[in-house]
Amino acid sequence: MRLAMSSNDTDTAASVAEDDIIFDLISMIIVYRSGRVERFEPTEFVPPSFDSATGVDSKDVVINSSTSLSVRLYLPASAVAKTDYKLPVLVFFHGGGFCLHRASSLHYHNYLNHLTAKAKFISISVDYRLAPEHPLPVAYYDSWEAFRWVISGRDDWLLRYGDLGKVFIAGDSAGANIVHDLGLRLGRLGKKVEGLVMMNPYFWGNEKIGVELKERSESMFKVSDVEKVWPFICPGTTGNDDPRLNPMAEGAPSLLGLGCHRVLVGVGDKDLLLDRGRLYSEKLKESGWAGEVEFVKVEGDHGFFLAYPGNETAEAFMDRVVSFCNKD
Ligand SMILES: *[C@@H]1O[C@H](CO)[C@@H](O)[C@H](O)[C@H]1NC(C)=O
Ligand SMILES: *[C@@H]1O[C@H](CO)[C@@H](O)[C@H](O)[C@H]1NC(C)=O
């Protein structure tokens with residue numbers, strides 16, 4: 001039997017249900033039953049600018065007016081003034097579990113400024129749309145669209161300074177998952193880029209492996225955190241063995257088809273996802289894929305390399321990425 005309530009009480013009852021938390025990832029993103037999403041990003045967002053510390057200029061370009069998909073381009077202005085050859089092109093995808101961070105997040109913006117200066121590349125950081133407002137596969141479509149925009153060479157920086165015969169695709173965490181997706185798409189079209197760089201790649205699976213079998217207090221994530229991310233960002237999924245999340249699952253497209261010449265996989269020794277990256281590089285070697293794969297494990301947890309500048313491990317890892325890309 002319903003008790004009579006004042007209209008004020010009814011509001012309170014409704015708002016309690018609306019305020020139920022239905023998703024919480026390490027308190028960085030909270031989603032309420034009402035659909036409200038709150039993000040607690042660790043850094044602020046910054047506009048593009050000329051960075052005098054690195055001599056790198058940046059600009060944002062909207063590449064699709066109907067979705068507002070945009071990219072941030074980085075030009076090593078001091079380098080292009082001194083060269084008469086064209087620079088390799090690096091397309092970068094930030095991490096954040098497909099639901100956090102932007103190309104404009106301060107730590108990614110800093111990272112791209114430094115990487116661009118060190119590598120002497122033109123870099124393009126893709127601001128793909130995020131879940132849950134835009135669940136997967138939106139991020140994959142945006143990323144592919146952005147990649148095609150880059151290689152179409154329509155932008156004046158890319159046209160004037162970019163060597164579109166020498167393209168690298170790089171990313172960390174969810175961004176590295178996107179790198180894998182693009183590698184397969186290219187392969188299906190019979191196309192190859194020079195190299196793929198996957199830092200702390202976000203892959204997972206139903207069967208737990210390696211460090212996932214023991215709870216480690218030093219990792220920022222727990223198994224239960226990672227477990228719930230994919231079904232949240234990809235509502236149409238078959239689960240954690242979805243081949244887009246577990247490229248090693250039964251029936252996943254063969255890694256043999258990866259469209260590139262070289263792959264670098266980098267992981268941190270404290271990262272809960274470390275054995276997924278290791279397994280990926282091992283399976284890639286075993287697949288008979290005709291390319292070179294490098295696997296590197298360094299000190300640190302998920303996202304350790306973003307501690308650059310000022311951290312030796314992160315700096316050494318950036319040097320590794322640069323030498324991988326500059327190797328002939
Ligand atoms: C821009 O986005 C719309 C909506 O998703 C899509 O239909 C269109 O193909 C996109 N444009 C390009 C050039 O990919
Ligand atoms: C650099 O990062 C590593 C891994 O996260 C950490 O163990 C180390 O203490 C850091 N070093 C400095 C100088 O901050």
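Everything discussed here concerns the structure shown above.
Each chain carries its own residue numbering, running from 1 in the written order of its sequence. Here every chain gets a letter starting at A, and every ligand a number starting at 1, in the order they are written. Reporting in this predicted model follows two pLDDT cut-offs: at least 70 for local features of residues, and 80 or more for side-chain atom pairs to be given and counted; totals over whole chains, interfaces and linings ignore these cut-offs and use all residues. Hydrogens are left out, water is left out, and the side-chain values use all remaining heavy atoms of the structure.

Peer 1: Before we go on, may I ask you to explain the overall build of the protein in this structure?
Peer 2: Along the backbone of the protein there are nine helices and 12 strands. Taking 328 residues into account, the globule formula puts the C-alpha radius of gyration at 20 Å, and the protein, at 21 Å, falls close to it. Scored against the burial criterion, the 328 residues of the protein give a buried share of 55%. Here, two residues are considered to be in contact whenever any of their heavy atoms come within 4.5 Å of each other. Put simply, of all contacts in the protein between residues at least 6 apart along the chain, 73% involve residues at least 24 apart. In this description a helix means any DSSP run of H or I spanning at least four residues, a strand means any run of E spanning at least two, and both kinds are numbered starting from the N terminus. Between the two quantities, the radius of gyration covers C-alpha atoms and the globule rule is 2.2 Å times the number of residues to the power 0.38. Only protein chains enter the accessibility calculation, which uses a 1.4 Å probe. A residue is then buried if its area is under 20% of the maximum for its type, exposed if over 50%, and partly exposed in between.

Peer 1: Whenever I open this one, the pairing of strand E1 (residues 21–25) confuses me. Can you help?
Peer 2: The side chains of a regular strand alternate between the sheet's two faces. Any two strands with at least two DSSP bridges between them are considered paired. Where E1 and strand E2 (residues 29–32) come together, four bridges link them in antiparallel fashion. Each residue of the ladder has a partner; that of Asp24, found in E2, is Ile30. A loop of three residues connects E1 with E2, the two strands running antiparallel in sequence, and Ile26 in this loop sits at a positive phi of about 35°.

Peer 1: What should I look at first to understand the sheet that holds E2 in this one?
Peer 2: Paired through their backbone hydrogen bonds, the strands of a sheet run either parallel or antiparallel. Strand order in the open sheet formed by three strands is E1-E2-E3, and the pairing between neighbours is antiparallel. Each of the sheet's edge strands pairs with one partner strand only, and the pair in question is E1 and strand E3 (37–39). When the angles between neighbouring strand axes are averaged without regard to direction, this sheet yields 10°. A fitted line through C-alpha atoms serves as each axis, taken over the contacting stretch for helices, and the angle formed by two N-to-C directions is quoted from 0 to 180°.

Peer 1: What's the story with the site of ligand 2 in this structure? I'm lost.
Peer 2: The cutoff for a nearby residue is simple: one of its non-hydrogen atoms must lie within 4 Å of the molecule or strand. Surrounding ligand 2, one finds Glu299, Gly300, Asn311 and Thr313. Polar contact criterion, stated in full: a pair of N or O atoms within 3.5 Å, where within protein one must be able to donate a hydrogen and the other to accept it, and residues adjacent in sequence count only if both atoms are side-chain atoms. One of the side-chain N or O atoms of Glu299 is found 2.6 Å from an oxygen atom in ligand 2. Taking Asn311, its side chain carries an N or O atom lying 2.4 Å from an oxygen atom of ligand 2. Under the convention adopted here, Pro, Cys and the residues Ala, Val, Leu, Ile, Met, Phe, Trp and Tyr are nonpolar, Asp, Glu, Lys and Arg are charged, and Gly plus all remaining residues are polar. When the residues that make up the shell around ligand 2 are grouped by side-chain class, the tally is no nonpolar, three polar and one charged.

Peer 1: Mind showing me how you'd approach helix H3 (residues 106–119) here?
Peer 2: Each helix should span, by expectation, one fewer than its residue count multiplied by 1.5 Å. Helix length check: H3 (14 residues) gives 20 Å between terminal C-alpha atoms against 20 Å at 1.5 Å per residue, within 8%. When we look at burial in H3, the residues that qualify are His107, Tyr108, His109, Tyr111, Leu112, Asn113, Leu115, Thr116 and Ala119. Phi for Lys120, located one or two positions after H3, is positive at around 55°.

Peer 1: So what exactly am I meant to see when it comes to the site of ligand 1 here?
Peer 2: All residues adjacent to ligand 1 are Asn64, Ser66, Thr67, Glu145 and Arg148. In the environment of ligand 1, an oxygen atom lies 2.4 Å from a nitrogen or oxygen atom belonging to the side chain of Asn64. Side-chain polar atom of Glu145 to an oxygen atom of ligand 1: 3.2 Å apart, as the coordinates give it. In isolation ligand 1 has 360 Å² of accessible area, and contact with the protein removes 37% of it. Residue classes in the shell around ligand 1 are distributed as no nonpolar, three polar and two charged. Throughout, the Shrake-Rupley method with a 1.4 Å probe supplies accessible areas, and for residues the shown protein chains are the sole cover considered.

Peer 1: Looking at this structure, I do not really get the packing of aromatic side chains. What am I missing?
Peer 2: Within a pair of aromatic rings, the relevant descriptors are the distance that separates the centres and the angle that separates the planes. Each Phe, Tyr or Trp ring (for Trp, its six-membered ring) is paired with any other whose centre lies within 6.5 Å, and the angle between the two planes then decides the class: stacked below 30 degrees, edge-to-face above 60, tilted in between. One pass over the structure, following the stated rule, counts 16 aromatic pairs. With 6.3 Å between their ring centres and 55° between their planes, Phe98 and Tyr202 make a pair best called tilted. Note that Phe98 is positioned in the loop between strand E7 (87–93) and H3 and Tyr202 in the loop between strand E10 (193–199) and helix H7 (223–233), a separation of 104 residues in sequence. Pairwise contacts between aromatic rings join Phe92, Tyr108, Tyr111, Phe304, Phe305 and Phe317 into one cluster. Charge-over-ring placement is defined geometrically: NZ (Lys) or CZ (Arg) within 6 Å of the ring centre, and within 35 degrees of the ring normal. Above the face of the Trp157 ring, Lys59 is positioned so that its terminal group lies 4.4 Å from the ring centre. Positioned over the ring face of Phe324 is Arg262, at 4.7 Å from the centre of the ring.

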